[in-house]
Amino acid sequence: MSLDFAIASFVQYIESERRLSQATVIKYSDVLAEFSSFLSEGCQINEIEQISHLDIREWQIQLSQNGNSASTIKTKLVCLRSFFKFLRRQGWITTDVMAKVVTPKTAKHLPVFFTEKETSQIYDSDLFGDDYEGSRDRLLLRLLYETGIRLAEVVGLAEHSVDFSAGTLKVLGKRDKERIIPLENEILHTIKCYFSLKRQMGFGSEVFFMRSDGTPFTRYDVYKTVKKYMSLFSHADKISPHVFRHSFATHMLNDGADIGAIKELLGHTDLSATEVYTHVSRQHLKDTYRHTHPRATKKSE
């Protein structure tokens, strides 16, 4: 079977059946196009049955020589593993050519998060204006922190996503998977006030967050708003909407929340994705001990 046909079938599968995000579909398509070009030009391979683990190793070497980092190569190999798994499931190949492919080791980086002191600043009314933009921005930051929702999920919210009687927020996550997040009374009241301001501005209810000109908030608008305010008082190595997600999970874990509950609130399908925050929590405890305990801070005489 031709490699081009196999790739086209796989892309259709992840787009229509697995319903991966458009960004992921594009990324996987680009990786497979790059891999196909390498096989065709460097190995004269155009059929999937001709591919061996040695060809993939050669591609790894070329990627490294071209300046790709270990993490980038690792990401590309994840795509290949998914691709060849699809081929085996279809019965188009019988052997696992990825079995002997060694994934390069990458340094483990703990998630960046805002401190509780830094996030407390978003509850200072003096930081935001009393107009529509100030009210919207204040709610946006609080919602990011109090729910841990993703950037794409924020942009996808509508007014009907909020159930005021139940005190919940319905979020459409990855692969169109819905989850329900509880909301506290204070932020529910803030949302009601914001919706009232939207009505005064003459805006509809289909989109939750809107610009002052009545157009929907974009991902860039959310990122820009987070950067605008959090840069004023945060010393985090990175400032982005996703850092609020990390902060949400880390602060809950530090305060004794069950990791399984955090997993459900974040919308993770695998507990291993949530367990990274236990490492953050342990590091937080170590740092607290090192900087506050008298025996830890006492210098040897």
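Below, the structure is looked at part by part. (Residues numbered from 1 in each chain as written. Predicted model: local features only at pLDDT ≥ 70, side-chain atom pairs only at ≥ 80, totals over all residues. Heavy atoms only, no water.)

### A look at the pairing of strand E3 (residues 178–182)
Short version of the rule: Remark: exposure states derive from per-residue accessible area (1.4 Å probe, protein chains only) relative to the maximum for the residue type, with buried under 20%, exposed over 50%, and partly exposed in between. Only DSSP runs of H or I covering at least 4 residues are called helices, and only runs of E covering at least 2 are called strands; the numbering of each starts at the N terminus. Strands are treated as partners if at least two bridges between them are detected by DSSP.
Burial along E3 is one-sided: Arg-179 and Ile-181 are buried, and none of Glu-178, Ile-180 and Pro-182, which face the opposite way, are. Pairing of strand E2 (residues 168–172) with E3, which is carried by five bridges, proceeds in the antiparallel orientation. Paired with Thr-168 across the two strands is Pro-182, which belongs to E3. Turn length for the E2-E3 hairpin, with the two strands adjacent in sequence and antiparallel, is five residues, and the turn residue Arg-175 shows positive phi of about 55°.

### Quick notes on the pattern of salt bridges
We apply this condition: Within this document, salt bridges are pairs made up of a side-chain nitrogen of Lys or Arg and a carboxyl oxygen of Asp or Glu, the two lying within 4 Å of each other.
In this structure the tally under the stated criterion is ten salt bridges. Arg-150 is the partner of Glu-153 in a salt bridge, and the nearest nitrogen-oxygen pair spans 2.5 Å. With a relative accessible area of 4%, Glu-153 lands in the buried category. Among the ionic pairs, Glu-264 bridges to Lys-263, the shortest N-O distance being 3.0 Å. Residue Lys-263 is classed as buried on the basis of its relative accessible area, which comes to 15%. Within the structure, one salt-bridge network assembled from shared partners comprises Arg-150, Glu-153 and Arg-179.

### Describing helix H1 (residues 3–16)
The cut-off we apply is this: A helix is expected to span 1.5 Å for every residue after the first. By definition in these notes, contact holds between two residues if any of their heavy atoms fall within 4.5 Å.
A rise of 1.5 Å per residue sets the reference length of H1, with its 14 residues, at 20 Å; its end C-alpha atoms lie 20 Å apart and thus fit the reference within 8%. Among all positions of H1, only Leu-3, Ala-6, Ile-7, Ser-9, Phe-10, Val-11, Tyr-13 and Ile-14 are buried. Residues of H1 that are buried make contact with helix H2 (22–42) and helix H4 (70–90).

### Some thoughts on the state of the cysteines
For clarity, the cut-off: The term disulfide is used for any two cysteine sulfur atoms that are within 2.5 Å.
On inspection of all chains with the given rule, the structure shows zero disulfides. Free cysteine Cys-43: the closest other cysteine sulfur is in Cys-79, separated by 17 Å. Exposure remark for Cys-43: the relative accessible area of 23% places this residue in the partly exposed category.

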